[in-house]
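Inside the fold
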Amino acid sequence: MKSPFLNAVAESMRVKFYAEKSIKAYLYWIKFYIYFNNKIHPFECHDHEVESFLSYLANTKRVAPKTQALALNALVYLYREFLDKPLTLKLNFKRTNTQPKLPVVLTLEEVSLLLNSLPSSVTLPCYLLYGSGLRLMEAVNLRIQDINFDYLSINIWRGKGGKHRSVTLAPELIGQLQDQIAKVNLFYQQDMQRVDFQGVYLPHALAGKYPNAAKELKWQYLFPSSRLSFEPGTTYLRRHHIHESNIQKAVKNASRKLNFNKQVTCHTLRHSFATHLLQRGADIRTVQEQLGHTDIRTTQIYTHVLQAGANCVRSPLSDLIINRK
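Sequence order as written defines residue numbering, which begins from 1 separately in each chain. With pLDDT at 70 or above as the cut-off, local features in this predicted model cover only qualifying residues; side-chain atom pairs require 80 or more to be listed or tallied, and sums for whole chains, interfaces and linings still use all residues. The side-chain quantities take in all heavy atoms of the structure and omit both hydrogens and water.

Moving on, we come to the sheet that holds strand β3 (residues 165-168). Two strands pair under a simple rule: DSSP has to find at least two bridges between them. A run of H or I in DSSP becomes a helix once it reaches four residues, and a run of E becomes a strand once it reaches two; helices and strands are each numbered from the N terminus. Reading across the sheet, the three strands line up as β1-β2-β3 and stay open at both edges, with antiparallel pairing between neighbours. Whereas interior strands pair on both sides, the edge strands pair on one side only; in this sheet they are β1 (147-148) and β3.

Below you can see the structure in the form of structure tokens.
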């Protein structure tokens, strides 16, 4: 059971509409920080202790840059938003210098093999990961009304960083999506017969702004769970979306059976989407918008993958082999 202090931090984040995954991650690092300082209350610590902790993560734990940045963000929130004791803007700590990994990218043939090897229950979400470049949580959080058949697009609300964007929808998926919506409607009709059904979860202040929306079909999750469950921390009976781990396990198992010599995850499909768009001649700014990257330098990592390949750079060894023939 969490301490009253950590419970209070979690509740303060929920009031500010942080995602549950973010809350869980922040609590992990705050708890780690407290133990690092021998359980001294964080209010009695400040810049020096934070600097020592972040340096420890880099020097001893050798965490990745993004991991250290996540720990820093958790502590910034703790001191600025919860304890009302902001950290200085010029913290002096050892930054981890581990180089970010190059993205793992599948070939078109490998993507086809992978998608055809998945169980039918997760095939459509994975089609969207590759066909629209969605992140895993963006896919499972889709609502029926997010699919725009008229303009062949998908609206992504509150993606990473709380940003909204519109992405492409492959016309080949229209039939499958319409069938999926019909399945959701069957669940919906069953749920509406129950007097204890509270409707679907609505984020932020939408429940107050649209009091009837939770029981409207268009707001239901596109990929609903097979069973009803209580919303965490409440007695509200709802139908949530499928758990992301179901898709993760399916992709991992399919990749293992296909004997891919690559570390394939759900995010690999997103990497492949971006790389294949660039291979087809798409402008990098277009790819940036599709992926929802704030900084184009994040998108440029995919150009590095292409430029290192045989289609762009010819190895001098090839000439030696040709001359020996």
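Next comes the rest of the account.
Before going further, it helps to examine the pattern of salt bridges. By salt bridge we mean one thing: a side-chain nitrogen of Lys or Arg within 4 Å of a carboxyl oxygen of Asp or Glu. Within the structure shown, the criterion is met by eleven salt bridges. We note a salt bridge from E138 to R135, for which the minimum N-O separation is 2.7 Å. For each residue, the accessible area found with a 1.4 Å probe, counting protein chains only, is set against the maximum for its type, and the residue is called buried under 20%, exposed over 50%, and partly exposed in between. Overall, the relative accessible area of 15% leaves R135 in the buried class. Here K218 makes a salt bridge to E216, at a shortest N to O gap of 3.9 Å.

With that settled, the discussion passes to empty space enclosed by the protein. Residues are said to line a cavity or pocket when one of their atoms sits within 4 Å of a point; the points come from a 1 Å grid over protein atoms alone, cavities being sets where a 1.4 Å probe fits but cannot get out and pockets being open sets with protein on both sides within 12 Å along at least five of seven lines. Grid points are joined across faces, edges and corners, and a volume is the space filled by probe spheres set on the points. All told, the structure shown has two cavities of 30 Å³ or more when counted by the stated rule. Looking at the largest cavity, its volume works out to about 50 Å³. Residue lining of the largest cavity: V184, F187, Y188, D191, Q220, Y221, P224 and R239, and that is the complete set. Roughly 30 Å³ of volume is contained in the second largest cavity. Around the second largest cavity sit R135, G159, K160, K163, H164, R165 and G292, which together line it.

Here we come to a positive patch on the surface. Like charges are joined within 9 Å and nonpolar side chains (Val, Leu, Ile, Met, Phe, Trp, Tyr) within 5 Å, but only among residues with over 30% relative accessible area and no salt bridge; these make up the patches. Accessible areas in this description were obtained via Shrake-Rupley with a 1.4 Å probe; residue shielding takes into account the shown protein chains only. Two residue types count as positive, namely Lys and Arg, and two as negative, namely Asp and Glu; His and chain ends fall outside the count. Just so you know, the charge point we use is NZ for Lys, CZ for Arg, CG for Asp and CD for Glu. A cluster of basic side chains, namely K2, K21, K24 and K31, defines a positive patch on the protein surface. Here K21 lies in helix α2 (residues 20-36). Residue K21 is classed as exposed on the basis of its relative accessible area of 53%.

As a further point, take the layout of surface pockets. In this structure, the second largest pocket occupies an estimated 530 Å³ of space. Every residue lining the second largest pocket is counted, 19 residues in all, and those nearest its centre are Y130, G131, A170, F273 and R280. Counting residues per element, the lining of the second largest pocket draws most heavily on helix α5 (residues 108-116), at five residues.

What counts as a ring pair is set by centres within 6.5 Å for rings of Phe, Tyr and Trp (its six-membered ring), and what kind of pair is set by the plane angle: stacked under 30 degrees, edge-to-face over 60, tilted for all other angles. This structure, assessed with the given rule, holds 13 aromatic pairs. Residues Y28 and F32 carry aromatic rings whose centres are separated by 6.1 Å and whose planes lie at 80° to one another, so their mutual orientation is edge-to-face. Linking Y28 with F32, this pair stays in helix α2, spanning four residues, or about one helical turn. With a centroid separation of 5.5 Å and 70° between ring planes, the pair formed by Y33 and F53 is classed as edge-to-face. With a gap of 20 residues between them, Y33 in helix α2 and F53 in helix α3 (residues 47-59) connect regions that are remote in the sequence. An aromatic cluster is defined as three or more aromatic residues linked by ring pairs; in this entry it consists of Y28, W29, F32, Y33, F36, F53, Y56 and Y79. Geometrically, a lysine NZ or arginine CZ counts as sitting over a ring once it is within 6 Å of the ring centre and also within 35 degrees of the ring normal. Over the ring of F43 we find K85, and its NZ or CZ is 4.5 Å from the ring centre. Above the ring of Y221, the side-chain terminus of R143 is found at 4.2 Å from the ring centroid.

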